[in-house]
Amino acid sequence: MKRLLLLASLMLSTGSPTAISAENIPFITYHNAPPFIVDNDARIGLTYDLADMLSEQSEGRFNFVVDALPRMRLNSMLERSPSLVVPWVNPRWFKDAKMERYLWTSGYMPDSNAIISSAIRPIEYTGPLSLIGKSLSGVLGGRWVGIDALVKDGQIKRINTSSYLSAMRMVLLGRTEATIIPSPVAKYLISHENLSGYFHFSARPHSNYFRHFLVKGRPDIQRFLETQVAILREDPRWKATMASYGM
(Lines give C-alpha, C1' and ligand atoms only; values in the text may rest on other atoms or scores of the structure.)
Protein backbone atom coordinates (compact mmCIF):
# COMPACT_ATOMS: atom_id res chain seq x y z
CA MET A 1 0.00 0.00 0.00
CA LYS A 2 2.77 2.41 0.93
CA ARG A 3 4.50 1.57 -2.35
CA LEU A 4 1.34 2.48 -4.32
CA LEU A 5 0.99 5.76 -2.45
CA LEU A 6 4.64 6.60 -3.11
CA LEU A 7 4.21 5.85 -6.83
CA ALA A 8 1.14 8.08 -7.01
CA SER A 9 3.01 10.86 -5.23
CA LEU A 10 5.92 10.61 -7.66
CA MET A 11 3.58 10.76 -10.66
CA LEU A 12 1.97 13.94 -9.35
CA SER A 13 5.28 15.59 -8.50
CA THR A 14 6.84 14.83 -11.88
CA GLY A 15 3.76 15.91 -13.83
CA SER A 16 1.57 13.14 -15.14
CA PRO A 17 -0.62 13.96 -18.19
CA THR A 18 -3.71 14.18 -16.02
CA ALA A 19 -2.03 16.45 -13.50
CA ILE A 20 -0.84 19.08 -15.97
CA SER A 21 -3.34 21.76 -16.99
CA ALA A 22 -3.20 23.31 -20.44
CA GLU A 23 -1.51 26.70 -20.75
CA ASN A 24 -3.92 29.49 -21.63
CA ILE A 25 -2.81 31.24 -24.81
CA PRO A 26 -4.34 34.62 -25.77
CA PHE A 27 -6.01 34.14 -29.18
CA ILE A 28 -6.70 37.73 -30.17
CA THR A 29 -8.76 38.72 -33.19
CA TYR A 30 -9.98 42.03 -34.55
CA HIS A 31 -12.18 40.16 -37.01
CA ASN A 32 -15.15 40.55 -34.70
CA ALA A 33 -17.87 40.32 -37.36
CA PRO A 34 -19.67 37.19 -38.55
CA PRO A 35 -18.74 34.57 -39.59
CA PHE A 36 -15.60 34.96 -37.47
CA ILE A 37 -17.51 36.09 -34.37
CA VAL A 38 -21.27 35.51 -34.44
CA ASP A 39 -22.14 35.58 -30.71
CA ASN A 40 -19.47 36.36 -28.13
CA ASP A 41 -21.50 35.30 -25.12
CA ALA A 42 -22.50 31.97 -26.64
CA ARG A 43 -19.02 31.41 -28.14
CA ILE A 44 -20.44 31.01 -31.64
CA GLY A 45 -18.31 31.77 -34.66
CA LEU A 46 -15.52 30.43 -36.82
CA THR A 47 -12.84 31.84 -34.51
CA TYR A 48 -14.23 29.92 -31.53
CA ASP A 49 -14.38 26.75 -33.62
CA LEU A 50 -10.78 27.29 -34.69
CA ALA A 51 -9.57 27.91 -31.13
CA ASP A 52 -11.37 24.80 -29.85
CA MET A 53 -9.96 22.64 -32.62
CA LEU A 54 -6.41 23.85 -32.04
CA SER A 55 -6.75 23.34 -28.28
CA GLU A 56 -7.90 19.78 -28.87
CA GLN A 57 -5.13 19.12 -31.38
CA SER A 58 -2.50 20.29 -28.88
CA GLU A 59 -3.41 17.30 -26.66
CA GLY A 60 -3.48 19.24 -23.42
CA ARG A 61 -0.54 21.57 -24.03
CA PHE A 62 -2.43 24.74 -24.98
CA ASN A 63 -5.85 26.25 -24.41
CA PHE A 64 -6.42 29.00 -26.98
CA VAL A 65 -8.59 31.68 -25.37
CA VAL A 66 -10.47 33.95 -27.79
CA ASP A 67 -10.64 37.68 -27.19
CA ALA A 68 -12.18 39.95 -29.84
CA LEU A 69 -10.79 43.50 -29.85
CA PRO A 70 -10.80 46.50 -32.18
CA ARG A 71 -7.76 46.65 -34.44
CA MET A 72 -6.26 49.63 -32.63
CA ARG A 73 -6.41 47.82 -29.27
CA LEU A 74 -4.80 44.79 -30.86
CA ASN A 75 -2.01 47.03 -32.15
CA SER A 76 -1.47 48.22 -28.58
CA MET A 77 -1.41 44.65 -27.25
CA LEU A 78 1.20 43.69 -29.80
CA GLU A 79 3.42 46.41 -28.39
CA ARG A 80 3.09 45.50 -24.73
CA SER A 81 2.17 41.79 -24.48
CA PRO A 82 5.04 39.30 -24.27
CA SER A 83 3.15 36.59 -26.16
CA LEU A 84 -0.10 36.09 -28.06
CA VAL A 85 -1.55 34.57 -31.23
CA VAL A 86 -3.53 36.45 -33.89
CA PRO A 87 -5.50 34.30 -36.36
CA TRP A 88 -6.87 35.25 -39.79
CA VAL A 89 -4.18 37.80 -40.67
CA ASN A 90 -1.59 38.51 -43.33
CA PRO A 91 1.97 39.86 -42.84
CA ARG A 92 1.34 42.83 -45.14
CA TRP A 93 -1.41 44.10 -42.85
CA PHE A 94 1.16 44.44 -40.05
CA LYS A 95 3.92 46.02 -42.15
CA ASP A 96 5.83 42.75 -41.89
CA ALA A 97 5.92 41.50 -45.49
CA LYS A 98 9.34 39.90 -44.90
CA MET A 99 8.04 38.12 -41.75
CA GLU A 100 10.85 39.49 -39.61
CA ARG A 101 9.00 41.49 -36.96
CA TYR A 102 6.77 38.64 -35.76
CA LEU A 103 6.65 34.86 -36.07
CA TRP A 104 4.33 33.63 -38.82
CA THR A 105 2.94 30.34 -40.03
CA SER A 106 2.37 29.44 -43.64
CA GLY A 107 -0.94 30.57 -45.11
CA TYR A 108 -3.81 28.25 -44.26
CA MET A 109 -6.82 29.91 -45.95
CA PRO A 110 -7.06 31.69 -49.32
CA ASP A 111 -9.32 34.73 -49.24
CA SER A 112 -9.99 38.13 -50.78
CA ASN A 113 -11.13 41.63 -49.90
CA ALA A 114 -14.14 42.65 -51.96
CA ILE A 115 -14.83 46.10 -53.39
CA ILE A 116 -18.55 46.59 -52.77
CA SER A 117 -20.68 49.41 -54.14
CA SER A 118 -24.38 50.09 -54.55
CA ALA A 119 -26.19 47.96 -57.13
CA ILE A 120 -27.64 51.14 -58.64
CA ARG A 121 -24.23 52.90 -58.73
CA PRO A 122 -21.82 50.02 -59.40
CA ILE A 123 -18.06 50.53 -59.34
CA GLU A 124 -15.61 48.29 -61.17
CA TYR A 125 -12.21 48.33 -59.50
CA THR A 126 -9.17 48.23 -61.76
CA GLY A 127 -6.57 49.31 -59.20
CA PRO A 128 -6.07 51.94 -56.49
CA LEU A 129 -6.06 54.79 -59.02
CA SER A 130 -9.59 53.86 -60.12
CA LEU A 131 -10.86 54.98 -56.69
CA ILE A 132 -9.37 58.47 -56.82
CA GLY A 133 -12.08 61.05 -56.16
CA LYS A 134 -14.36 58.52 -54.49
CA SER A 135 -15.45 58.03 -50.89
CA LEU A 136 -14.96 54.74 -49.03
CA SER A 137 -16.30 53.53 -45.70
CA GLY A 138 -14.21 51.16 -43.62
CA VAL A 139 -13.76 49.83 -40.10
CA LEU A 140 -11.62 52.08 -37.90
CA GLY A 141 -8.03 50.82 -37.74
CA GLY A 142 -8.26 48.63 -40.82
CA ARG A 143 -5.54 49.03 -43.44
CA TRP A 144 -5.93 48.98 -47.21
CA VAL A 145 -2.76 48.09 -49.09
CA GLY A 146 -2.20 50.44 -52.01
CA ILE A 147 -5.07 52.73 -51.01
CA ASP A 148 -4.00 54.12 -47.62
CA ALA A 149 -1.41 56.39 -49.26
CA LEU A 150 -4.07 57.89 -51.53
CA VAL A 151 -6.32 58.45 -48.49
CA LYS A 152 -3.44 60.18 -46.70
CA ASP A 153 -2.86 62.43 -49.71
CA GLY A 154 -6.54 63.38 -49.79
CA GLN A 155 -7.18 61.76 -53.16
CA ILE A 156 -9.64 59.27 -51.69
CA LYS A 157 -12.02 60.15 -48.86
CA ARG A 158 -12.29 57.57 -46.09
CA ILE A 159 -15.06 57.52 -43.48
CA ASN A 160 -14.38 55.22 -40.53
CA THR A 161 -17.10 53.06 -38.99
CA SER A 162 -17.38 50.78 -35.98
CA SER A 163 -18.26 47.62 -37.93
CA TYR A 164 -18.38 46.05 -41.37
CA LEU A 165 -22.18 46.18 -41.33
CA SER A 166 -22.05 49.92 -40.64
CA ALA A 167 -19.62 50.35 -43.54
CA MET A 168 -22.04 48.54 -45.85
CA ARG A 169 -24.98 50.61 -44.62
CA MET A 170 -23.04 53.80 -45.41
CA VAL A 171 -22.90 52.62 -49.02
CA LEU A 172 -26.56 51.63 -48.98
CA LEU A 173 -27.54 55.09 -47.70
CA GLY A 174 -25.40 56.84 -50.31
CA ARG A 175 -23.03 58.38 -47.75
CA THR A 176 -20.06 56.64 -49.35
CA GLU A 177 -19.58 55.18 -52.79
CA ALA A 178 -17.92 51.90 -51.85
CA THR A 179 -16.42 49.86 -49.06
CA ILE A 180 -13.70 47.21 -48.81
CA ILE A 181 -14.69 44.13 -46.80
CA PRO A 182 -13.42 40.55 -46.50
CA SER A 183 -15.48 38.52 -48.97
CA PRO A 184 -16.77 35.93 -46.45
CA VAL A 185 -17.89 38.70 -44.09
CA ALA A 186 -19.73 40.54 -46.87
CA LYS A 187 -21.48 37.40 -48.09
CA TYR A 188 -22.49 36.40 -44.55
CA LEU A 189 -23.90 39.84 -43.76
CA ILE A 190 -25.79 40.12 -47.05
CA SER A 191 -27.37 36.71 -46.44
CA HIS A 192 -28.24 37.22 -42.76
CA GLU A 193 -29.29 40.89 -42.97
CA ASN A 194 -31.60 40.36 -45.97
CA LEU A 195 -29.52 42.63 -48.20
CA SER A 196 -29.46 40.46 -51.30
CA GLY A 197 -29.67 42.50 -54.51
CA TYR A 198 -28.59 45.79 -52.94
CA PHE A 199 -24.84 45.56 -53.56
CA HIS A 200 -22.46 45.11 -56.47
CA PHE A 201 -19.21 43.14 -56.11
CA SER A 202 -16.46 44.37 -58.41
CA ALA A 203 -15.23 41.59 -60.69
CA ARG A 204 -11.72 42.36 -59.51
CA PRO A 205 -11.30 42.30 -55.72
CA HIS A 206 -9.10 44.74 -53.88
CA SER A 207 -6.71 41.92 -53.02
CA ASN A 208 -6.26 38.18 -52.94
CA TYR A 209 -4.26 36.74 -50.08
CA PHE A 210 -3.72 33.90 -47.65
CA ARG A 211 -4.64 34.14 -44.00
CA HIS A 212 -1.87 33.18 -41.54
CA PHE A 213 -1.32 32.94 -37.81
CA LEU A 214 0.75 35.75 -36.29
CA VAL A 215 2.63 34.59 -33.18
CA LYS A 216 4.49 36.89 -30.83
CA GLY A 217 7.17 35.66 -28.48
CA ARG A 218 6.54 31.91 -28.65
CA PRO A 219 8.50 29.88 -31.22
CA ASP A 220 7.08 26.67 -29.70
CA ILE A 221 3.52 27.78 -30.43
CA GLN A 222 4.50 28.88 -33.93
CA ARG A 223 5.93 25.41 -34.56
CA PHE A 224 2.76 23.74 -33.27
CA LEU A 225 0.49 25.96 -35.39
CA GLU A 226 2.61 25.25 -38.45
CA THR A 227 1.84 21.55 -38.01
CA GLN A 228 -1.87 22.43 -38.20
CA VAL A 229 -1.72 24.32 -41.51
CA ALA A 230 -2.13 21.20 -43.65
CA ILE A 231 -5.11 20.11 -41.55
CA LEU A 232 -6.80 23.50 -41.96
CA ARG A 233 -6.25 23.33 -45.72
CA GLU A 234 -7.38 19.75 -46.30
CA ASP A 235 -9.31 18.21 -43.39
CA PRO A 236 -12.92 17.38 -44.42
CA ARG A 237 -14.24 18.11 -40.94
CA TRP A 238 -12.76 21.60 -40.92
CA LYS A 239 -14.07 22.21 -44.44
CA ALA A 240 -17.51 21.18 -43.21
CA THR A 241 -17.20 23.65 -40.33
CA MET A 242 -16.39 26.49 -42.72
CA ALA A 243 -19.21 25.43 -45.04
CA SER A 244 -21.64 25.77 -42.14
CA TYR A 245 -20.84 29.51 -42.19
CA GLY A 246 -21.22 29.76 -45.95
CA MET A 247 -17.48 29.69 -46.66
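Residues numbered from 1 in each chain as written. Predicted model: local features only at pLDDT ≥ 70, side-chain atom pairs only at ≥ 80, totals over all residues. Heavy atoms only, no water.

### Here we look at the packing of aromatic side chains
Okay, step 1: All chains considered together, the criterion is met by eleven aromatic pairs.
Okay, step 2: Arranged with centres 6.2 Å apart and planes meeting at 15 degrees, the rings of Phe-64 and Phe-224 form a pair that is stacked. Of this pair, Phe-64 sits in strand S2 (residues 62-68) while Phe-224 sits in helix H7 (residues 219-234); the two residues are 160 residues apart in sequence, bridging distant segments of the chain.
Okay, step 3: Take Phe-64: its relative accessible area is 2%, and that puts it in the buried class.
Okay, step 4: A residue is classified by how much of its surface remains accessible, and Phe-224, at 7% relative accessible area, is buried.
Okay, step 5: By way of ring pairs, the aromatic residues Phe-27, Phe-36, Phe-62, Phe-64, Trp-88, Tyr-108, Phe-213 and Phe-224 are connected into one cluster.
Okay, step 6: Here the basic side chain of Arg-71 rests over the ring of Tyr-30, its NZ or CZ set 5.0 Å away from the ring centre.
Okay, step 7: For the cation-ring pair, Arg-71 lies above Phe-94, with the distance from its terminal atom to the ring centre recorded as 4.1 Å. (Phe/Tyr/Trp six-rings, centres within 6.5 Å; stacked < 30°, edge-to-face > 60°. Helix = DSSP H or I, 4+ residues; strand = E, 2+ residues; numbered from the N terminus. Buried < 20%, exposed > 50% of the residue type's maximum accessible area, 1.4 Å probe, protein only. Lys NZ or Arg CZ within 6 Å of the ring centre and 35° of its normal.)

### Topic: the side chain of Ser-137
Okay, step 1: Mapped onto the secondary structure, Ser-137 falls in strand S6 (residues 135-139).
Okay, step 2: Classification of Ser-137 by relative accessible area gives buried; the value is 0%.
Okay, step 3: Contact partners of Ser-137, with chain neighbours within four places excluded, come to Trp-144, Ile-159, Thr-161, Ala-167, Met-170, Val-171, Thr-176, Ala-178, Thr-179 and Ile-180. (Contact = heavy atoms within 4.5 Å.)

### Points about the confidence of the model for the protein chain
Okay, step 1: On average, residues of the protein chain carry a pLDDT of 90, and 92% of them reach 70 or more.
Okay, step 2: When mean pLDDT is compared element by element in the protein chain, strand S4 (residues 103-104) scores highest at 98, while helix H1 (residues 2-14) scores lowest at 41.
Okay, step 3: In this model residues 1-19 is a low-confidence stretch, pLDDT under 50, and it forms three contacts with partners more than four residues away in sequence or in other chains. (pLDDT = per-residue confidence, 0-100.)

### Here we look at a nonpolar patch on the surface
Okay, step 1: On the surface, Leu-172, Leu-173 and Tyr-198 cluster together to form a nonpolar patch covering roughly 300 Å² of accessible area.
Okay, step 2: Mapped onto the fold, Leu-173 is located in the loop between helix H5 (164-172) and strand S8 (178-182). (Patch = residues over 30% accessible without salt bridge, like charges linked within 9 Å, V, L, I, M, F, W, Y side chains within 5 Å. Areas by Shrake-Rupley, 256 points an atom, 1.4 Å probe, with all protein chains shown as cover. Salt bridge = Lys/Arg side-chain N within 4 Å of Asp/Glu carboxyl O.)

### With respect to the pairing of strand S3 (residues 84-89)
Okay, step 1: Summarising burial for S3: six of the six residues are buried, a large majority.
Okay, step 2: Strand direction decides the pairing type here: S3 and strand S10 (residues 207-216), joined by four bridges, are antiparallel. From the neighbouring strand, Leu-84 faces S10, where its bridge partner is Lys-216. (Pairing = 2+ DSSP bridges.)

### So, the pattern of salt bridges
Okay, step 1: Tallied over the entire structure, the rule returns eight salt bridges.
Okay, step 2: A salt bridge links Arg-43 to Asp-52, with the shortest nitrogen-to-oxygen separation between them at 3.0 Å.
Okay, step 3: Look at Asp-52 and you get partly exposed, because its relative accessible area is 35%.
Okay, step 4: Residue Asp-220 is joined to Arg-218 by a salt bridge in which the shortest nitrogen-to-oxygen separation is 2.8 Å.
Okay, step 5: Under the relative-accessibility criterion, Arg-218 is labelled buried at 16%.
Okay, step 6: Within this structure, Glu-23, Arg-218 and Asp-220 form a network of salt bridges that share partners.

### Side note on helix H6 (residues 183-192)
Okay, step 1: For H6, a buried count of seven out of ten residues is recorded, marking the element as mostly surrounded by other parts of the structure.
Okay, step 2: Regarding H6, the residues found buried are Ser-183, Pro-184, Val-185, Ala-186, Tyr-188, Leu-189 and Ile-190.
Okay, step 3: Against the buried residues of H6 lie strand S5 (109-118), H5, S8 and strand S9 (199-201).

### Looking at the packing of helix H2 (residues 46-57) against H7
Okay, step 1: Closest axis-to-axis distance for the H2/H7 pair is 11 Å, and the angle between their directions is 115 degrees. Along this stretch, H2 crosses H7, giving a crossing that reads as right-handed. Side by side, H2 and H7 meet where Leu-50, Met-53, Leu-54 and Gln-57 of the first sit next to Phe-224, Leu-225, Gln-228, Ile-231 and Leu-232 of the second.
Okay, step 2: Counted by class, the contact of H2 with H7 contains seven nonpolar, two polar and no charged residues. (Axes fitted to C-alpha atoms, helices over the stretch in contact; angles between N-to-C directions. Left-handed = near helix turned anticlockwise from the far one by under 90°. Nonpolar A, V, L, I, M, F, W, Y, C, P; charged D, E, K, R; others polar.)

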